Amino acid sequence: MQLRHLEIFHAVMLTGTITAAAKLLNISQPAATRLLLRAEDQLRYKLFDRVRGRLLPTREAQVLQAESEKLIAGLENLRKLARNLGTASSGHLRIAAAPALCLELVPLAITRFRQKHQDVTFEVETRQYADLVRTVLTQEVDIGIGFDIPAHPGLDLTPLAQGHFYGAFPAAQHKSLPKVVKLAHFANQPFIGLRSDDPLGSVFSATLNLAGVQLDPIVEVKTNQVALSLVEKGAGVAIVDQYTAAARDPARVCIRPLAPSIPFTVRLMRPKNGLPGLLARQFCAMLEKTEKSIATMLLPETA
């Protein structure tokens, strides 16, 4: 099945008529008809039954549909990659990131980037650790951004920044809190815990063990954003990453650095067999610049 035959097959499956399929492919109706007939001739079976002016897929066509959709999606991704490799003034970038990074860092970086490159468009999705790594490895996205991603034979990892965890407290506690809060302080508070089996969760657990601190959460959540929301509602206190902390409402949540400090690394991810285009490289530079500005957002309150 030739590529052009695949395109007409996919177009007819989407539209149901040869006229609409021809319009979708920007070709004439006779040309679309010839393409479909040639495809059926080469396959030696019919793809569609002609019923009352519409083309209804045969059993064989229904079997082919799932695989053809994967190939069409891959072709579109290839076209986007080819455009992005050649220019930084226009194009399309697909980004997957840890949820906390999509609160401030990624949106702010996109906003600043598009002020200089208005023809660039984006797709952004949030992914938890395992799914994030998978989408980068399968090249479903151009750039992945995550916390403490370990070395992987299929990934090209680039450190973007070092971040830290912060304590998050209801704003009413602001005056009673020390400038730096010890981890043991949370043992005497209604603690909202992060239930996570990703590398970031491992770093957090290891630090608690080394400090000899055991925290028994009143609520366990999967994301830092939910933990912050619970603190905002007055449900308790939490320990969140600095990017989630930066997105807080200062009128409802106050933050403090921790003792001992709990650092982590933000890393950019690309597949090792993928060549980053100029557009991707320039956006990564904007991410680095934006991250530095977000880090300073925490300093006035915690200094």
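Everything below is about the structure shown above.
What counts and how
- Residues numbered from 1 in each chain as written.
- Predicted model: local features only at pLDDT ≥ 70, side-chain atom pairs only at ≥ 80, totals over all residues.
- Heavy atoms only, no water.
- Pairing = 2+ DSSP bridges.
- Helix = DSSP H or I, 4+ residues; strand = E, 2+ residues; numbered from the N terminus.
- 1 Å grid on protein atoms, 1.4 Å probe; cavity = no way out; pocket = protein on both sides within 12 Å on 5 of 7 lines; lining within 4 Å.
- Points joined across faces, edges and corners; volume = space filled by probe spheres on them.
- Nonpolar A, V, L, I, M, F, W, Y, C, P; charged D, E, K, R; others polar.
- Core = buried A, V, L, I, M, F, W, Y, C linked by side-chain atoms within 4.5 Å.
- Buried < 20%, exposed > 50% of the residue type's maximum accessible area, 1.4 Å probe, protein only.
- Axes fitted to C-alpha atoms, helices over the stretch in contact; angles between N-to-C directions.
- Parallel < 35°, antiparallel > 145°, perpendicular 65-115°, else oblique.
- Left-handed = near helix turned anticlockwise from the far one by under 90°.
- Contact = heavy atoms within 4.5 Å.
- Arc of directions from axis to C-beta.

*Asks:* Looking at this structure, I do not really get the pairing of strand S6 (residues 155-170). What am I missing?
*Replies:* Consecutive residues of a regular strand have side chains that alternate between opposite faces of the sheet. Alignment of S6 against strand S12 (residues 263-271), held across nine bridges, turns out to be antiparallel. Of the residues in S12, the one forming a bridge with Leu-157 is Met-269. With four bridges connecting them, S6 and strand S10 (residues 237-241) associate as antiparallel partners. Following the sheet pairing, Ala-168 is matched in S10 by Ala-238.

*Asks:* Would you take a moment to explain empty space enclosed by the protein for this structure?
*Replies:* Empty space left among the atoms is revealed by rolling a probe the size of a water molecule over them. Counted according to the given criterion, the structure contains two cavities of 30 Å³ or more. For the largest cavity, the calculated volume is near 210 Å³. Residue lining of the largest cavity: 19 residues in total, with Ala-98, Pro-99, Gln-128, Phe-147 and Asp-198 positioned closest to the centre. Breaking the lining of the largest cavity down by element, the ones donating at least two residues are helix H6 (129-137), strand S5 (143-147), helix H7 (199-211) and helix H8 (224-232). Residues that form the lining of the largest cavity fall into these classes: ten nonpolar, six polar and three charged. A volume near 40 Å³ is recorded for the second largest cavity. Lining of the second largest cavity is provided by Phe-191, Ile-192, Gly-193, Leu-194, Phe-204, Val-221, Asn-224, Ala-227, Ala-238 and Ile-239. Contributions of two or more residues to the lining of the second largest cavity are made by strand S8 (191-194), H8 and S10.

*Asks:* What am I meant to see in the nonpolar core here?
*Replies:* Side chains of nonpolar character tend, in soluble globular proteins, to be buried together. Membership of the largest hydrophobic core comes to 48 residues, with the highest contact counts inside it found for Leu-101, Ile-145, Phe-147, Phe-186, Ile-239 and Phe-283. With seven residues, the top contributor of residues to this core is helix H10 (residues 278-297). Of all hydrophobic cores here, the second largest spans 16 residues; its members include Ile-18, Leu-35, Ala-39 and Leu-47.

*Asks:* Explanation requested: the packing of helix H1 (residues 3-15) against helix H2 (residues 18-25) in the structure shown.
*Replies:* Helix packing for two helices is described by the angle between their axes and how far apart those axes are. Packing of H1 against H2 leaves a shortest axis separation of 8 Å and a crossing angle of 125 degrees. Of the possible angle classes, the one that applies to H1 and H2 is oblique. Seen from above, H1 lies across H2 with right-handed handedness. Contact with H1, carried on its side by Arg-4, Glu-7, Ile-8, Ala-11, Val-12, Leu-14 and Thr-15, involves Ile-18, Ala-20, Ala-21, Leu-24 and Leu-25 of H2 and no other residues of that element.

*Asks:* Would you mind going over H6 with me for this structure?
*Replies:* Since the α-helix turns once every 3.6 residues, residues separated by three or four places project in the same direction. Listed as buried for H6 are Leu-132, Val-133, Thr-135 and Val-136. Down the axis of H6, the buried set is contained in an arc of 165 degrees. They therefore lie on one face.

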